[in-house]
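# Structural features, examined
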Amino acid sequence: MAEQKLPNYVASATPLPKDKRVGWLTSTAASYAGVMLWFVFWQDVPSGGGSFIGGTLAEGMGFGILALVLSAAICYSLYYLVPGMLGMKTGLPLSIVGTSTYGVNGGFFMPGFLMGLLQFGWLAVNAYFAGLLLAGSFGGAQNSSLHFTLSLIWAIGAGWIGLAGIKYVGRFASYMPILPLFVLGFLLVKTLPHLSAFKPESIMELAPVKTEGSVSLYGSQTLGVLSLMGAYVVGFFATAGAAGCDFGMNNKDKKAVQWGGLVGVFGSTVLTGVAAILIICGAYAMPEFQEAAKTAASNAKAVNPVELMGAIVGPGMQKILLFLLVIAAFPSACFSTLIAANSFKATLPKVNPYISCGLGVLGACVLIITTWAGNAGQVFTVIGASFGPVCGSMMADYFLSGCKWAGPRAGFNPAGWLAWIFGFAVGSITLLSTAFNFTLPFVVPCPPVSAFLTGLVLYFIFAGIGLQSRVLNMPQRIDLEK
């Protein structure tokens, strides 16, 4: 049987040598911190992104923090670490490393091209909410012409910076985290003195809508909180975890990958999430905040520190803090375009990245104008369902190959694709049941993690019964396993 030739996007891939790599603090850690410090993430940690009464605080402040720490550990250990190590050891981006799991034909689409496309969904969400806060500062309403104009300018600017490369994204990301840290710190100073007077039941009592059910899973509110927190945090982080390849390829050794993730992924997630929880709990002991919570439009807004910031600091200071949050959101928008550019440069090496990414930014602009980008919760659910099994399958492939990259595989690797199909079904079935109004006879706990575990276990099974395609020779490949 003749040896399959490597497709052009794999044959032309050039590993990044060690002498071209940069420090983990200003690249990996700073860029991930910019993502996890994004206000769209931490503002919904207390609610878990849902409308359940009490949200992730239904079992109290301490348990909510425990659920957050566990979710952050899952993001670091299950989603980020293996892709980061693979990127460091090979010097190659995710779109090339993924050909071991999905084959050189299949790898073009998964995770390479899909990663690039989904990043522009991220960019659209970022620009939509950044433009919304900016427009609000000038008295503009949601979905107004001012809101759309500011969001479009934001998306185009982030696209241009992201195309410039990681060193430029790192420059923005290195200093921007100071701004949301200042905002969180300011809110903590205002609310922590009241924390001792916080009563957990006050959140349940002040929830404006008491008919939408509670956080429950198999009759257990405890498991429900764990599932809700995990689904929100991991679903938000899913593509960023797989993109660990693209950041890992810029790291010099194993310790750089580990420290970049511990600081940028685990540390930033815990820091921002705990701060949001403490702010809400402290604020609920403030009479002026309770009145604002009573009139919130939804249960989620009743525990949202950004939505109710004016009740904590007053309208004047609120405008200043919101403006700082908008500026700080820019690195995560650049992050999206950077990962998309890496994916398109690898899968479409003959196409000018300014053309491919320019079309992607145009698509993001369409999502903004159609207001689809405003449904952030659904976007993160789809992303979690898509990349949960990707990360799970990559981990299985990594361990089966002796903790190194096996190399590109021929065609469409059946083990990877079958594992992804079943994993995606597990991760998305709850969203589909809601969209098409049908009742499931079972509950999928924490869909993004369930999708990951499905991809992990099934890849082991399918590989064990011989459903892996053969490994192809890649002459330019390097191995930094030492």
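This write-up is about the structure you can find in this document. All of these numbers come straight from a predicted model, not from anything done at the bench.

On to the overall build of the protein, then. Per the secondary structure count, the protein includes 22 helices and zero strands. Expressed as a percentage of its 482 residues, the buried residues of the protein come to 59%. Long-range pairs, those at least 24 residues apart, make up 87% of the contacts in the protein with a sequence separation of at least 6. As displayed, the protein has an accessible area near 18,300 Å², and 68% of this comes from carbon and sulfur atoms.

To continue, consider the side chain of R21. Within the secondary structure layout, R21 lies in the loop between α1 (8–11) and α2 (25–36). One buried charged residue, R21, forms no salt bridge at all, with the nearest opposite charge on D19 at 7.5 Å. Reaching out from R21, the side chain makes a polar contact with the backbone oxygen of M88 at a distance of 2.8 Å.

So, on to the packing of helix α10 (residues 178–191) against helix α14 (residues 254–283). Relative to each other, α10 and α14 sit at 30 degrees, their axes nearing to 9 Å. Taken together, α10 and α14 sit at an angle that is classed as roughly parallel. When you trace α10 past α14, the crossing you get is left-handed. On α14, the residues that touch L181, L184, L187, L188 and T191 of α10 are L271, T272, A275, L278, I279, G282 and A283. Taken together, the residues of the contact of α10 with α14 break down into nine nonpolar, three polar and no charged.

The next thing to look at is α2. Counting buried positions along α2 yields ten of twelve residues, so the element is predominantly enclosed. Looking at α2, one finds that the buried residues are S27, T28, A29, A30, S31, Y32, A33, G34, V35 and M36.

Glancing now at the side chain of S151. Here S151 shows up in helix α8 (residues 145–164). Within the structure, the side chain of S151 is placed 2.9 Å from the backbone oxygen of A127, a separation counted as a polar contact. Once residues lying within four places of it in the same chain are set aside, the contact partners of S151 are A127, Y128, G131, L132 and I368.

Right, let's get into the packing of helix α4 (residues 61–90) against α14. Two elements in contact, α4 and α14, have axes whose closest approach is 9 Å; the angle formed by their N-to-C orientations is 160 degrees. Here α4 lies roughly antiparallel to α14, going by the angle between them. Seen from above, α4 lies across α14 with right-handed handedness. Taken together, the residues that form the contact of α4 with α14 break down as 21 nonpolar, seven polar and one charged.

Attention shifts here to the environment of G107. Assignment of secondary structure puts G107 in helix α7 (residues 106–137). When sequence neighbours within four positions are dropped, the list of residues in contact with G107 reads Y9, S95, T99, Y102 and G112.

All right, on to helix α19 (residues 353–369) then. A rise of 1.5 Å per residue sets the reference length of α19, with its 17 residues, at 24 Å; its end C-alpha atoms lie 24 Å apart and thus fit the reference within 8%. For α19, the full list of buried residues reads S356, C357, G360, V361, A364, C365 and I368.

Further remarks concern the packing of aromatic side chains. Evaluation of the coordinates by the stated rule reveals 18 aromatic pairs. On the basis of an interplanar angle of 85 degrees and a centroid distance of 5.5 Å, the ring pair of Y32 and Y80 is categorised as edge-to-face. Of the two residues, Y32 is situated in helix α2 and Y80 in helix α4; the sequence distance between them amounts to 48 residues. Relative accessible area serves as the criterion here: at 0%, Y32 is assigned to the buried category. Ring centres 6.4 Å apart and planes at 70 degrees place the aromatic pair W417 and W420 in the edge-to-face group. Here W417 pairs with W420, and both are found in helix α21 (residues 414–435), just three residues apart, close to one helical turn.

Thresholds, definitions, all that
- Residues numbered from 1 in each chain as written.
- Predicted model: local features only at pLDDT ≥ 70, side-chain atom pairs only at ≥ 80, totals over all residues.
- Heavy atoms only, no water.
- Helix = DSSP H or I, 4+ residues; strand = E, 2+ residues; numbered from the N terminus.
- Buried < 20%, exposed > 50% of the residue type's maximum accessible area, 1.4 Å probe, protein only.
- Contact = heavy atoms within 4.5 Å.
- Areas by Shrake-Rupley, 256 points an atom, 1.4 Å probe, with all protein chains shown as cover.
- Lys, Arg positive; Asp, Glu negative; His and termini not counted.
- Salt bridge = Lys/Arg side-chain N within 4 Å of Asp/Glu carboxyl O.
- Polar contact = N/O pair within 3.5 Å; in protein donor to acceptor, adjacent residues only side chain to side chain.
- Axes fitted to C-alpha atoms, helices over the stretch in contact; angles between N-to-C directions.
- Parallel < 35°, antiparallel > 145°, perpendicular 65-115°, else oblique.
- Left-handed = near helix turned anticlockwise from the far one by under 90°.
- Nonpolar A, V, L, I, M, F, W, Y, C, P; charged D, E, K, R; others polar.
- Expected span 1.5 Å × (residues − 1).
- Phe/Tyr/Trp six-rings, centres within 6.5 Å; stacked < 30°, edge-to-face > 60°.

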